[in-house]
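Listed below, chain by chain, are the residues.
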Amino acid sequence: MIYATFALMELVNTIKRSTSAELYEEAKQYFPGGVNSPVRAFKSVSGPPLFIKKGKGARFTDEDNNEYIDFCCSWGPLILGHDNDQIREKVIETVRNGTSFGAPTRLGNELGKLILDNNRFIDKIRFVSSGTEAVMSAIRLARGVTGKNKVIKFEGCYHGHVDSLLVRAGSGLATFGESTSAGIPDSFIKETLVIPLNDKEALEQVLKAHAAETACVIIEPVPANNGLLLQDKCFLEYLREKCTEHNVLLIFDEVISGFRVGFEGAAGYYNIHPDISTYGKIIGGGMPVGAYGASAEIMAHVAPEGPVYQAGTLSANPVAMAAGYAATQQLLEEGFYENMDAKTKKFVHIVESYAMEKEYPFRMQQIGSIFWLSFVTERITRADQIDSAGMEKFKVLHHELLQRGVYLGPSGYEVGFVSAAHTEADLAEAARIICECLDIAMT
Ligand SMILES: *Cc1c(COP(=O)(O)O)cnc(C)c1O
């Protein structure tokens, strides 16, 4: 009987993707590539993208009524899982009073205070509506403060779709990059210098040659958009020292790591003080919020206090502030991050031990509640160390996982996120399924 039910479920799972497929066909008439953000189109994995109807806790349900344990978590924001009670109630209560006023609200103060009271690295903050907007504004601020134009970034770090940051390293030793998107003027690309991660020498060289014209160095202190390329702490410390020495501002793009590896993000985790920090994802509790923050002195350059213009019609809108407040306040609970780290480690350990026992060239990189499925066995710190052949294996793995009710972001370069709603049982189940699928993908 149990077997019969199981077999039936398997069947349903394998065949029933038709509603998502239909919706995707329809969506192609409306949106470029059928989506409103490129990776959602499932281009590097198989099948049509799933259309999601609802989520609760660690799981969500697609339009064909398949249920999945979700490790994408909306690409990071949902550290408390889907449909968190406190966020939902606070949003409903707030939205009854209207959605936006284009004027200051008490809720903005409340979220601002909550964050600043619990973050030693920023004195003032400005709310915007996305991570991209936060980064774009932080770059302008760095340029406004220093009166210099160039930006140094790292190969393999993603900072949203900001013109001057959609640049990758050029060929050879040239530090001047090439754009990763059409529509970026050459004159913008020339203002961006790209160097490899975790490479003290490259950093020293580029600063020596260009510090006089460079406004800032921007880094994801926990690079998590192109695999999980955990940096040596001593490299990040060196970066801080060198920026100070060369009079160049250091921007930590904490859009993923902020409120994720700790309430104070990577700055707190590594105890390194950046000059400007950017936030997004978790800060809005699932609503569109981004932010940038810095010392009072640096933030005094932002309009209307200073000459660096930056504005937003829907910035700090009350519903988003309410969601952000309800979310971040829960992260301050005693032991929250320790617990997230412990259960993620346990989950990762089950899969890793299995892979090692089977001698699969596969490991899981992890920091806090972020993990990455890596198809090389050692920790890697630079983008060029990623084995692109592993992406074919990921494609198989992703497909098999979907069949069995585990949802990962649809690319092998994406990290996974554990939320507070993932129970030990959810994680044990997911780990068992991942091991089962590894047997298929790795052989
Ligand atoms: C997601 C992300 C961004 C862009 O944020 P959006 O809200 O998608 O615009 C910027 N930087 C980092 C590190 C990110 O992970």
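Just so you know, these numbers come straight off a predicted model, no measurement behind them.

Glancing now at the nonpolar core. Of all hydrophobic cores here, the largest spans 45 residues; its most connected members are F154, V217, I219, V222, L228, L239 and I370. Of all the secondary-structure elements, those providing two or more residues to this core are strand 5 (150–154), strand 8 (192–195), helix 7 (200–210), strand 9 (214–219), helix 8 (233–245), strand 10 (249–253), helix 9 (265–270) and strand 14 (370–374). No other element matches helix 8, which puts five residues into this core. Looking at which domains feed residues into this core, each of domain 1 (2–83 + 335–441) and domain 2 (100–316) gives three or more. The contact partners of I370, leaving out residues within four places of it in the chain, are V222, L228, I256, R260, V261, Q365, V415, G416 and F417. Counting residues in each nonpolar core, the second largest holds 37 residues, with I69, V348, L373 and I433 among its members.

For the rest of this paragraph, the subject is the packing of helix 3 (residues 85–95) against helix 11 (residues 318–331). Contact geometry for helix 3 and helix 11: axes closest at 8 Å, N-to-C directions at 155°. The angle between helix 3 and helix 11 falls in the class roughly antiparallel. In this structure, the crossing between helix 3 and helix 11 has a hand that is right-handed. Where helix 3 abuts helix 11, its residues Q86, I87, K90, V91, T94 and V95 lie against P318, V319, A322, A323, Y325, A326, A327, Q329 and Q330.

Moving on, we get to the sheet that holds strand 13 (residues 363–367). Sheet architecture is open: three strands sit in the order 13-14-16, paired in antiparallel fashion. Every other strand in the sheet has two partners, leaving strand 13 and strand 16 (416–417) as the edge strands with one partner each. On top of the sheet, helix 12 (residues 336–357) reaches strand 13 and strand 14; it is set at about 165° to strand 13, its chief contact.

On to the domain arrangement of the protein, then. The domain boundaries assigned to the protein delineate domain 1 (2–83 + 335–441) and domain 2 (100–316). Summarising the inter-unit geometry, the C-alpha centres of domain 1 and domain 2 are found 28 Å apart. The interface is formed by 24 residues belonging to domain 1 together with 26 residues belonging to domain 2. Carbon and sulfur atoms make up 63% of the area that domain 1 and domain 2 hide from each other, which totals about 2,100 Å². At the junction of domain 1 with domain 2, the criterion picks out one salt bridge.

What counts, and where the lines are drawn
Residues numbered from 1 in each chain as written. Predicted model: local features only at pLDDT ≥ 70, side-chain atom pairs only at ≥ 80, totals over all residues. Heavy atoms only, no water. Core = buried A, V, L, I, M, F, W, Y, C linked by side-chain atoms within 4.5 Å. Buried < 20%, exposed > 50% of the residue type's maximum accessible area, 1.4 Å probe, protein only. Helix = DSSP H or I, 4+ residues; strand = E, 2+ residues; numbered from the N terminus. Domains from an automatic or database assignment. Contact = heavy atoms within 4.5 Å. Axes fitted to C-alpha atoms, helices over the stretch in contact; angles between N-to-C directions. Parallel < 35°, antiparallel > 145°, perpendicular 65-115°, else oblique. Left-handed = near helix turned anticlockwise from the far one by under 90°. Pairing = 2+ DSSP bridges. Buried area = accessible area lost by both parts, 1.4 Å probe. Salt bridge = Lys/Arg side-chain N within 4 Å of Asp/Glu carboxyl O.

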